[in-house]
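This is what each chain is made of:
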Amino acid sequence: MSIRVSSNQMVYSYQKQLNEANNRQDKLLEQGDGSKLHRPSDDSVAYSKYLRYDVSDTENSQYTNNVKTAISWMKTSDAALVNMTDIQTTFKEKTVAAANSTNNTQDMQAIGKEMMSEIQELISLGNTMQGDSYVFGGTKDLTKPFSLSVEEVQRGLAKTLDDNQAAYFGGSNGLANGTGSSNLKQMLTLTGSDGNTYYLNTNDGNIYTKEFVESGYKDKVAANANAVVDPAADSVGKIAGWGGTSPTKKVSTYFKNTGEIKDANATMTAAVAGKNVTFKFATVKQQIATYTGDNNAVSMVKKNGTTEPTADTVNVTGAEIFGSDIFDDVNSGNTVSGTAMLNEMLTVHAKVNAADHDWLNTDGQAISDEAHSTTLNTQTKLGARQQLYTSVQTMLGNQSELITSDITDVSSTDVAALAVKLMQEQTIYNMSLSLGARILPQSLADYLS
């Protein structure tokens, strides 16, 4: 009985060692796929590092995809904006040409047709798509953002101030020498019951004669170039309810954010030279451009850490491309239209058709300059963001190489060492089999002998 127990123990021990040798071979053979880590037990420390590197690699791949998508989006947007600024440059040239009083009716009609074609092309570019998304629609990128009305409507006629006028009429801190600063860019044109044209400062309700705004203020500046003046002293009257901390009248009271008048028969009254004068808003009949997108940012995160809403923004919206005017600025009471300069350009077009050379020579050219400047400024900002994303793309590429190198170092198989170990284990295994064949009992008879 004792011989049998001893033999069983010997057989069990031998089988255990043989299986362990076989398992060692199997693990070494697993590394033939190039990786020495297949389970945490292979090397717990190295496996922990591998998991961290793998997470970093996944994050890097996601940011790289974000950046590639963002750059593609911005390239599409930039190409459209370049075309827009080119069109607006041509529009400026046509405005200057149309202001020439020597043009006959046919000349003005021809210029008007060309201008309308350019405005329609701007709207088409505003509906540029990247895949199935409209790049200028904000977060409403599945809806066509820009459209042009078929019917003409009555739109308020704004007086667009040049830099010197804006400085002079900008407020009580405006300087007569034109070095003052203000956000005043436009006034509303009024027609008085006395037959005269006036301009309304919607920030305070002061009204000025057309002659003083267009030329009279220059004489006052020339008389005392260094004097600090209060523009309110130059007004011929004031319409109650405008301006102050709690205004009862705003641009939104009478106009939509696109400039379309709500009630063409609306009137206001103010005393001018001791007499009450009734005022109506001057309007121009024209088509209206509308924007159905929103002004929200589309962000594509390019790296981990704190979010950077401004730097991560890859889109531009209608309000950024076409700015704002008196009908939708912060003081108007209206929401931003997203088509301000488009509608101002449509006003220029209407004035060309009406052969209003004087208006085109002043307001028309100021509007054309502002429209071009607004879009060009937006294009420049987008270009800067695109360069930033391009730099990040290079950085992510370098990081990817480093992460890949770390993963390789911690998980890849040393082929030369693996070959040696396999030969050693195979030799040990073969020797174990040969030894076992000699020392283990061959049959049941051996147990009985």
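Our structure is the block above this text.
Below or above, wherever it landed, is the structure these notes cover. (Residues numbered from 1 in each chain as written. Predicted model: local features only at pLDDT ≥ 70, side-chain atom pairs only at ≥ 80, totals over all residues. Heavy atoms only, no water.)

## A closer look at unusual backbone geometry
Move 1: Residue Ala273 is not a glycine yet carries a positive backbone phi of 55°.
Move 2: Tracing the sequence through the fold places Ala273 in the loop between β10 (267–272) and β11 (275–281).
Move 3: By relative accessible area, Ala273 is classed as exposed at 77%.
Move 4: We note that Ala355 has phi near 55°; this positive angle belongs to a residue other than glycine.
Move 5: Looking at where Ala355 falls in the secondary structure, it is placed in the loop between α8 (340–353) and α9 (357–411). (Helix = DSSP H or I, 4+ residues; strand = E, 2+ residues; numbered from the N terminus. Buried < 20%, exposed > 50% of the residue type's maximum accessible area, 1.4 Å probe, protein only.)

## Examining the packing of aromatic side chains
Move 1: Within this structure, the stated rule accounts for 13 aromatic pairs.
Move 2: Taking 4.9 Å as the distance between ring centres and 55° as the angle between the ring planes, the aromatic pair formed by Tyr254 and Phe281 counts as tilted. Taken as a pair, Tyr254 in helix α6 (residues 251–254) and Phe281 in strand β11 lie far apart in primary sequence, 27 residues in all.
Move 3: Tyr254 gets classed as buried once you look at its relative accessible area, which sits at 11%.
Move 4: Residue class for Phe281 comes out buried when judged on its relative accessible area of 6%. (Phe/Tyr/Trp six-rings, centres within 6.5 Å; stacked < 30°, edge-to-face > 60°.)

## A few points about the environment of Gln386
Move 1: Position of Gln386 among the secondary structure elements: in helix α9.
Move 2: Placed 308 residues apart in sequence, Gln386 and Asp78 show a C-alpha to C-alpha distance of 9.0 Å.
Move 3: Ignoring sequence-local partners within four residues, the contact set of Gln386 consists of Met74, Lys75 and Asp78. (Contact = heavy atoms within 4.5 Å.)

## Details of the pattern of salt bridges
Close approach of charged atoms allows side chains of opposite charge to pair.
Move 1: The tally for this structure, following the rule as stated, stands at ten salt bridges.
Move 2: Of the charged contacts, one joins Lys220 and Asp234 as a salt bridge, the two residues approaching to 2.4 Å between their closest N and O atoms. Of this pair, Lys220 sits in helix α5 (residues 210–223) while Asp234 sits in the loop between α5 and β9 (237–238); the two residues are 14 residues apart in sequence, bridging distant segments of the chain.
Move 3: Relative accessible area serves as the criterion here: at 12%, Asp234 is assigned to the buried category.
Move 4: One salt-bridge network, held together by shared partners, links Lys94, Glu114 and Glu118. (Salt bridge = Lys/Arg side-chain N within 4 Å of Asp/Glu carboxyl O.)

## Notes on the packing of helix α3 (residues 105–126) against α8
Move 1: Orientation of α3 relative to α8, taken along the N-to-C sense of each, is 165°, at an axis distance of 8 Å. Of the possible angle classes, the one that applies to α3 and α8 is roughly antiparallel. Remark: the crossing between α3 and α8 carries left-handed chirality. Residues Met108, Ile111, Gly112, Met115, Met116, Ile119, Leu122 and Ile123 of α3 form the contact with α8, whose own contacting residues are Leu342, Met345, Leu346, Val348, His349, Val352 and Asn353. (Axes fitted to C-alpha atoms, helices over the stretch in contact; angles between N-to-C directions. Parallel < 35°, antiparallel > 145°, perpendicular 65-115°, else oblique. Left-handed = near helix turned anticlockwise from the far one by under 90°.)

## Let's talk about α8
Move 1: Across its 14 residues, α8 extends 20 Å between first and last C-alpha, which sits within 8% of the 20 Å expected from 1.5 Å per residue.
Move 2: Among the 14 residues of α8, 13 are classified as buried, and the element is accordingly described as predominantly covered.
Move 3: With its phi angle positive at about 55°, Ala355 sits one or two positions after the end of α8. (Expected span 1.5 Å × (residues − 1).)

## Focus: α5
Move 1: Counted at 1.5 Å a residue, the expected span for α5 with its 14 residues is 20 Å, and the 20 Å between its end C-alpha atoms agrees.
Move 2: For α5, the principal kink sits at Gly216 and spans about 55°.
Move 3: Regarding α5, the residues found buried are Phe212, Val213, Gly216, Tyr217 and Val221.
Move 4: On its buried side, α5 packs onto β5 (158–160), α4 (163–168), β7 (197–200) and β8 (206–209). (Bend = angle between axes of the 7 residues up to and from the residue.)

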